[in-house]
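# Survey of secondary and tertiary structure
Single-letter residue listing:
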Amino acid sequence: MVGRRRRFALSDTAQQIVGGFLLAGPFVVTEEVWVLAQSMSSLQALFTVFIVFTIGYGALYKADDRDPDRETEVGGVPLRFVSLISVAYFSVVVLSLAFDAPATFLDSAASGSMVVFDVAVHPARIDATLKAVSIGAIFSVIGAATADSLY
């Protein structure tokens, strides 16, 4: 029999969340990540999204003995993979906003006021924040996939 038959459960998502947050944290609070994000092009940001999806799929289905065809699907995509990608990005966004990283690390001329959660008010901050999230998600997906693969 190829692949595990263990069903994807809420406990799997919890494990992904722990791993995703664990590895996302250090990158959210590192100024260099935010400086890189400001200098990235949109094409580079899209490439980081590709990297996240590739690492996530590879960690779940190539480095482990899971068979994606045997898993519950959402729109033709395995639910475990949807959860993994969601956790990878969500954990970085939550930590970024909780620590007020955009207001702390981004150019003060682009950021305006220093109010927590005011990222939506400033287009330059939105762009850089999305790019910083794409960088952090590369590391978050590794933590989330590793934690999910342990059990």
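Notes on the structure follow. Please read these numbers as outputs of a predicted model, since none were measured by experiment.

### Topic: the overall build of the protein chain
When you go through the protein chain residue by residue, the secondary structure sums to 7 helices and 2 strands. Walking the protein chain from its N terminus toward its C terminus, one meets helices and strands in the order α-α-α-β-β-α-α-α-α. Counted over contacts in the protein chain with a minimum sequence separation of 6, partners at least 24 positions apart contribute 73%. By element, 70% of the accessible surface of the protein chain is carried by carbon and sulfur atoms, the whole surface being about 8,000 Å².

### A look at the packing of helix α1 (residues 10-28) against helix α4 (residues 79-98)
One way to put it is that α1 packs onto α4 with a least axis distance of 8 Å and a crossing angle of 40°. Taken together, the axis directions place α1 and α4 in an arrangement best described as oblique. Relative to α4, α1 is oriented so that their crossing is right-handed. Between α1 and α4, the contacting residues are D12, T13, Q16, I17, G20, F21, A24, G25 and V28 on the first element and R80, S83, L84, V87, S91, V92, V94, L95 and S96 on the second. Class assignment of the residues belonging to the contact of α1 with α4 gives a composition of 9 nonpolar, 7 polar and 2 charged.

### Things to note about the side chain of R80
Relative to the helices and strands, R80 is located in helix α4. In this structure the side chain of R80 is engaged in a polar contact, spanning 3.1 Å, whose partner is the side chain of E71.

### A look at the packing of aromatic side chains
Under the counting rule described, the total for this entry stands at 6 aromatic pairs. Consider the rings of Y57 and Y61, whose centres lie 5.0 Å apart with planes at 50°: the pair is tilted. Of this pair, Y57 and Y61 both sit in helix α3 (residues 42-62), 4 residues apart, which is roughly one turn of the helix. Residue Y57 is classed as partly exposed on the basis of its relative accessible area, which comes to 31%. Judged by centre distance (5.9 Å) and plane angle (80°), the rings of Y57 and F81 are edge-to-face. Of this pair, Y57 sits in helix α3 while F81 is found in helix α4, placing the two residues 24 residues apart along the sequence. By relative accessible area, F81 is classed as buried at 9%.

What counts and what doesn't
- Residues numbered from 1 in each chain as written.
- Predicted model: local features only at pLDDT ≥ 70, side-chain atom pairs only at ≥ 80, totals over all residues.
- Heavy atoms only, no water.
- Helix = DSSP H or I, 4+ residues; strand = E, 2+ residues; numbered from the N terminus.
- Contact = heavy atoms within 4.5 Å.
- Areas by Shrake-Rupley, 256 points an atom, 1.4 Å probe, with all protein chains shown as cover.
- Axes fitted to C-alpha atoms, helices over the stretch in contact; angles between N-to-C directions.
- Parallel < 35°, antiparallel > 145°, perpendicular 65-115°, else oblique.
- Left-handed = near helix turned anticlockwise from the far one by under 90°.
- Nonpolar A, V, L, I, M, F, W, Y, C, P; charged D, E, K, R; others polar.
- Polar contact = N/O pair within 3.5 Å; in protein donor to acceptor, adjacent residues only side chain to side chain.
- Phe/Tyr/Trp six-rings, centres within 6.5 Å; stacked < 30°, edge-to-face > 60°.
- Buried < 20%, exposed > 50% of the residue type's maximum accessible area, 1.4 Å probe, protein only.

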